[in-house]
Amino acid sequence: MSLIKRFTRNTDGRDFAVGDIHGCFTLLQAALDRAGFDSAVDRLFSVGDLVDRGPECRDVLEWLGKPWFHPVRGNHDDYVCRFNTCDTENWFYNGGAWFASLAWDEQREFAAQFRELPIAIEVETEGGLVGIVHADCPFHDWGQLQIELSELAEAKRLKLVKNTCMWSRSRITDDDHAGVKGVRAVVCGHTPVNAPVVLGNVFHIDTAGWLPHMRGYFTLLNLSTLESIPPMPAKLDWVAA
Ligand SMILES: [Mn+2]
C-alpha cells in the first residue's frame, strides 16, 4: 500500500474535505445533506480520526465502502492499525473502549481495513494541488513529504514523519503562518477550533462536529474554491489576490 495517495481532478462534481469525525456519521450525513452533497459526482475527503469518542464507530466500515469517501489516517485510526501492539490503556481511556467490545475477528477486520488508509492525500483541483494530512505537514515543502513518505525511506525516519503527520500541533500552537510550499493548500484537523483557522495556506478545519453539545459542527471545505460550508468568519489573511 502507498502512504500517499493522489486523486485526479473531479470534473463532474465538487470535492470537499471534512474535519475529524469520531464516530458521528449521522451528524456528518446531515451536514452533507445540508450542503446538497451529491454522491453520484461529489467526493468527500476526510482528515481522519474516523473513530473513538462518538457513538457510531462500528459504522466506519460501511463508510469506508463508499466509493466517494476518501480518508487519511488519523492518530486514533492508527490505534486501530496497531491494536495488537499499542498501549490500549491510553487508547481506551481516550475514547477507544468501543474497540474492546468487538470480537477478535472483527478487530482484525477493522485493523486490516484501517491499515489501507494513507498518511497523506493529494487532490488535483482547478487551482492546483491540495494536500490533506490529519495533523500537519512536517515540512516547509510538500515535495519533501512526498519523498519522505516513499517506501524507500529508512524505517525510523519514516515513523517520525508519519507520527508528525498524525499527531503534531506545533503549527497551530506556535501560530506559524509560514505555510507549505509546493502545494496550493494543506488541509488538516486534529486540533479542535471554534471556526476554521488558516495559517498561511494551511487550513485547520476540525470544528468539532463530533461535539455537538459543545456547539461543535462539521465544516465542509470546498477544495476547488477553498470556501467552506458553513462560511468562515470574514477577515482572514489567506484571502489573497
Ligand atoms: Mn487526532
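Once a new chain begins, its residue numbering starts again from 1 and follows that chain's sequence as written. pLDDT decides what is reported in this predicted model: residues at 70 or higher carry local features, side-chain atom pairs at 80 or more are listed and counted, and totals for whole chains, interfaces and linings draw on all residues regardless. Side-chain descriptors were evaluated using all non-hydrogen atoms of the structure, hydrogens and water having been removed beforehand.

K.L.:
Explain helix H4 (residues 88–100) to me, please; I cannot follow it from the model alone.
P.N.:
Residues three or four positions apart in an α-helix share a direction because the helix packs 3.6 residues into each turn. For H4, with 13 residues, the first-to-last C-alpha span of 9 Å runs short of the 18 Å given by 1.5 Å per residue. In this analysis the local bend is the angle between axes fitted, respectively, to the seven residues ending at and the seven residues starting at the residue. Counting from the N terminus, the helices are the DSSP runs of H or I reaching at least four residues and the strands are the DSSP runs of E reaching at least two. Its axis deflected by about 100° at Asn94, H4 carries its strongest bend there. Every buried residue of H4 is accounted for by Trp91, Gly96, Trp98 and Phe99. Buried positions along H4 lie against helix H3 (75–81) and helix H5 (104–114). Any pair of nitrogen or oxygen atoms within 3.5 Å is treated as a polar contact; in protein, a donor-acceptor pairing is required on top of that, and neighbouring residues in sequence qualify only through side-chain atoms on both sides. Near the N-terminus of H4, the side chain that reaches the backbone nitrogen of Glu89, with its oxygen 3.1 Å away, is that of Asp87. Take the residue count of a helix, subtract one, and multiply by 1.5 Å to get its expected span. Only protein chains enter the accessibility calculation, which uses a 1.4 Å probe. A residue is then buried if its area is under 20% of the maximum for its type, exposed if over 50%, and partly exposed in between. Any two residues whose heavy atoms approach within 4.5 Å at even a single point are treated as in contact.

K.L.:
Explain the environment of Arg53 to me, please; I cannot follow it from the model alone.
P.N.:
One can find Arg53 in the loop between strand E3 (43–46) and helix H2 (60–64). Relative accessible area serves as the criterion here: at 43%, Arg53 is assigned to the partly exposed category. Residues Arg53 and Gly23, 30 residues apart in the sequence, show an inter-C-alpha distance of 6.9 Å. Setting aside residues up to four positions removed in sequence, Arg53 forms contacts with His22, His76, Asn94, Gly95 and Trp210.

K.L.:
Just checking my understanding: could you explain the side chain of Glu122 for this structure?
P.N.:
Among the structural elements, Glu122 can be located in strand E5 (residues 120–125). Here Trp142 takes part through its side chain, which lies 2.6 Å from a polar atom of the side chain of Glu122. What Glu122 contacts, discounting residues up to four positions off in sequence, is Ile4, Lys5, Arg6, Phe7, Leu129, Val130, Trp142 and Gln146.

K.L.:
Sorry if this is basic, but what is going on with the coordination of the manganese ion here?
P.N.:
Ideal values differ by geometry: the angle at a metal is 109.5 degrees with four tetrahedral donors, but 90 or 180 degrees with six octahedral donors. Here a donor is an N, O or S atom found within 2.8 Å of the metal, or within 3.2 Å if the metal is Na, K or Ca; sites may look incomplete because water is not among the atoms. Around the manganese ion, the protein contributes the donor atoms Asp49 (OD), Asn75 (OD1), His134 (NE2) and His190 (ND1), which lie 2.1 to 2.3 Å from the metal centre. Spacing between the donor residues of the manganese ion along the chain follows D-x25-N-x58-H-x55-H. With Asn75 in helix H3 and His134 in the loop between strand E6 (128–133) and helix H6 (142–148), this residue pair connects regions lying 59 residues apart in the sequence. Exposure class is identical for Asn75 and His134. Each is buried.

Interpretation note: all reported values are geometric properties and have no functional meaning in isolation.
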